[in-house]
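Take a look at the letters that make up each chain.
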Amino acid sequence: MIKLIERAKNWPERTAIKDQGKAFSYSELLQKSQSIAIHLLGTETDLSEQRVAFMVRPGFDYVAVQWGVWQAGGIAVPLCVDHPLPSLQYVIENTNARTLIVHQEYEQLLKPLVAERDLQFYIVEEFPKVEKINPLPTFPDSRRAMILYTSGTTNLPKGVVTTHQNIQYQIRTLIDAWGWDMNDHILNVLPLHHVHGIINVISCALWSGACVEFIPKFKADAVFKRFKKGEINVFMAVPTVYYKLISYWNNQDERTQKELSNIFSNFRLMVSGSAALPVSVLEDWKKISGHTLLERYGMTEIGMALSNPYRGERRPGHVGQPLPGVDIRLVGEDGVVVKEGEQGEIQVKGPNVFKEYWQNPEATVQSFTDGWFRTGDMAIWNEGAYRILGRNSVDIIKSGGYKISALEIEEVLRTHPTIKDCGVVGLANEEWGEIVAASLVCPGQKPNLKALNEWLKTKLPSYKIPRQYIFQEDLPRNTIGKVTKKALQRCFQD
Ligand code: MCA
Ligand code: AMP
């Protein structure tokens, strides 16, 4: 049986999840997830890596569905609950999912797809309880467990496949490194179609017998309200979330600020990751909460790889040292491992590293060299800790912790009738890390930008929509006619 799920039997009465004011025990989670597994299996004895896509809000139902798919032997494909239909359709088609599970509120949105692809369709709220649980399939840990989509240097996102073994390793290394135990209580504010929320927050908590509490959507006031109750002692988020919490705190009167700051004496750990944590945010948060954020570095393909220590010096602007069992090397452009103090690409090896890009052997082969995974992130080893210097591709943008491909947005923009050509870049931004910006070449009538964004929202998730536009007669190009993105970034400053 899957270790993460098997462990739940050790503490059936403990609270696993708090969701919308209701507490659910580990035994309830096991029961519901096993019922779901039985329904998914129907007359089969094993889903044998069939892909099961699900669009379920973060909360008890989400975990029950994920565990249900795993116990039935399927591959879990979590869909982003905020994505427009084309993005959802892409994932469902790319994984060739035969089954789709949704919260009722998403039924209307996905109905056309269900009919078109003849999907087996379930509404979570309607899964009846199964009284008698038939034996569930057994399989080795090498089985594929999950596909998460991540943007790369190609225009369309790639499916990252992890096995149960990968996931188990990713969880265990964090349990040891960050001192998780069953008395922990974490608040999840992150979306659950990415590693940060799925592995670092919910799976680590549930592995430990701890409690994970959900709020439906991140809102600074709702977070502080939960913190005030005094139960939560662990928190993990992207830098933008800390930025927003700091802004909220700054806007309170002095008495409220004091009251809010007192809450943090209960906390044992606060982590930041998914994007570079500005030193100013680390310092402001320390002033407010008394906590030095633990910054770590990870990626969908590898889980977590580098982390500042739980005990010991957390150095601002640095991401610490390799996690136990994770091998790291820095490699120069010539393919040779660099000397200390020189910059190179981070390459990673270890049981945490993913199996493959889904049905994309070419991309899988290209992303490895001699068995090392090439992250595309540049770093330097600086007196005992790694420091991330940025990515080796300007076509990857990180905004609010989301990884975004400039090429994907350009492809969509070029399909607009008024746009002949375009160039998309990321611009440094205090709150979001980077914001998406687009230069448009429109020889005829220029589009109305508000209308353009409304049009884009039907095709792309909101975080991929450009926040700044310029119009140009032509894009800046080098002598061989290639768009020079660095020069384009400067055009926005001008
Ligand atoms: C939203 N807005 C933006 C952006 N997103 N503006 C600029 N850039 C953006 N990226 C605007 C909206 O248009 C809206 O504006 C307003 O902000 C609020 O939008 P909303 O969607 O409500 O935003 P939010 O809920 O406040 O979102 C902020 C967020 C979210 C909570 C930080 O971006 C988020 O959940 N990020 C986490 C992503 C994540 O989990 N990444 C992990 C992947 P208006 O009000 O004008 O309409 S990386 C990973 O997993 C690896 C392994 C790792 O290392 O962790
Ligand atoms: P994703 O592909 O969405 O999993 O995003 C992974 C990417 O986020 C990495 O390749 C890095 O570029 C970035 N990232 C994650 N953590 C950090 C960090 N602490 N500092 C800088 N960049 C980070």
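See the structure shown above.
Residues numbered from 1 in each chain as written. Chains lettered and ligands numbered in written order. Predicted model: local features only at pLDDT ≥ 70, side-chain atom pairs only at ≥ 80, totals over all residues. Heavy atoms only, no water.

1. So, the site of ligand 1
Around ligand 1, 25 residues are found, and the nearest of them are Lys217, Ser274, Arg296, Ser399 and Arg467. Here Ser274 contributes a side-chain N or O atom positioned 2.5 Å from an oxygen atom of ligand 1. Taking Ser399, its side chain carries an N or O atom lying 2.8 Å from a nitrogen atom of ligand 1. Contact with the protein chains covers 74% of the free accessible surface of ligand 1, which is 1,100 Å². Elements that contribute at least two residues to the shell around ligand 1 include exactly α7 (195–208), α9 (239–250), β13 (294–299) and β22 (396–399). (Near = heavy atom within 4 Å. Polar contact = N/O pair within 3.5 Å; in protein donor to acceptor, adjacent residues only side chain to side chain. Areas by Shrake-Rupley, 256 points an atom, 1.4 Å probe, with all protein chains shown as cover. Helix = DSSP H or I, 4+ residues; strand = E, 2+ residues; numbered from the N terminus.)

2. Quick notes on the pairing of strand β3 (residues 51–55)
Most of β3 sits inside the fold, with five of its five residues counted as buried. Neither face of β3 is left uncovered, since the one carrying Arg51, Ala53 and Met55 and the one carrying Val52 and Phe54 both have all their residues buried. Taken together, the four bridges between β3 and strand β4 (residues 75–78) define a ladder with parallel strand orientation. Of the residues in β4, the one forming a bridge with Val52 is Ala76. Since β3 and β4 lie parallel, the crossover through helix α3 (residues 60–71) that links them has a hand, and here it is right-handed. (Buried < 20%, exposed > 50% of the residue type's maximum accessible area, 1.4 Å probe, protein only. Pairing = 2+ DSSP bridges. Right-handed = clockwise from strand over helix to strand, strands pointing away.)

3. Overview of α3
Between its first and last C-alpha atoms α3 spans 16 Å; for twelve residues at 1.5 Å apiece the expected length is 16 Å, and the two agree. If you check which residues of α3 are buried, you get Phe60, Asp61, Tyr62, Val63, Ala64, Val65, Gln66, Trp67, Gly68, Val69, Trp70 and Gln71. Count one or two residues on from α3 and you reach Gly73, which has phi positive near 90°. (Expected span 1.5 Å × (residues − 1).)

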